[in-house]
Amino acid sequence: MLEVEKQKVEPPPLYKVLLLNDDYTPMDFVVGVLQDFFGMTREQATQVMLKVHRDGMGVCGVFPKDVAATKVEQVISYSRQHQHPLQCVMEET
């Protein structure tokens, strides 16, 4: 009987999706984005929005690379469609 070597598979790296503060995007729009694209409750979204406002950035969620990249694209595209300069970026955890 052959012995099967078990290989350790590293989990894929995860990426934080971050919203960046600006002086133009309305707070209500940011809350809506967090609810629509990240499935947050109004209360959770308000907390993240306030963190973005106070600290300059806030974490929307942590995802595999392809999911994070898609979320970043969706948020930026949606923001531009509504004439807001909201920035969304991702960074490895």
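Please refer to the structure higher up on the page.
For the structure given in this document, a descriptive report is provided here. Keep in mind it's a predicted model, so treat the numbers as computed, not measured.

The rules behind the values
- Residues numbered from 1 in each chain as written.
- Predicted model: local features only at pLDDT ≥ 70, side-chain atom pairs only at ≥ 80, totals over all residues.
- Heavy atoms only, no water.
- Phe/Tyr/Trp six-rings, centres within 6.5 Å; stacked < 30°, edge-to-face > 60°.
- Helix = DSSP H or I, 4+ residues; strand = E, 2+ residues; numbered from the N terminus.
- Lys NZ or Arg CZ within 6 Å of the ring centre and 35° of its normal.
- Patch = residues over 30% accessible without salt bridge, like charges linked within 9 Å, V, L, I, M, F, W, Y side chains within 5 Å.
- Areas by Shrake-Rupley, 256 points an atom, 1.4 Å probe, with all protein chains shown as cover.
- Salt bridge = Lys/Arg side-chain N within 4 Å of Asp/Glu carboxyl O.
- Buried < 20%, exposed > 50% of the residue type's maximum accessible area, 1.4 Å probe, protein only.

### A few points about the packing of aromatic side chains
Phase 1: Applying the stated criterion across every chain yields a total of 3 aromatic pairs.
Phase 2: Pairing Phe29 with Tyr78 gives two aromatic rings, centres 5.5 Å apart and planes at 10 degrees, and the pair type is stacked. Here Tyr78 lies in helix H3 (residues 65-81) and Phe29 lies in helix H1 (residues 27-38), a separation of 49 residues in the sequence.
Phase 3: Three or more aromatic residues joined by ring pairs make a cluster, and in this case those are Phe29, Phe37 and Tyr78.
Phase 4: Directly above the aromatic system of Phe38 lies the positively charged group of Lys71, at a separation of 5.4 Å from the ring centroid.

### Notes on a nonpolar patch on the surface
Phase 1: Taken together, Leu14, Val59 and Val62 make up a surface patch of nonpolar side chains, about 210 Å² in accessible area.
Phase 2: Mapped onto the fold, Val62 is located in strand S2 (residues 57-64).
Phase 3: For Val62, a relative accessible area of 42% translates into the label partly exposed.

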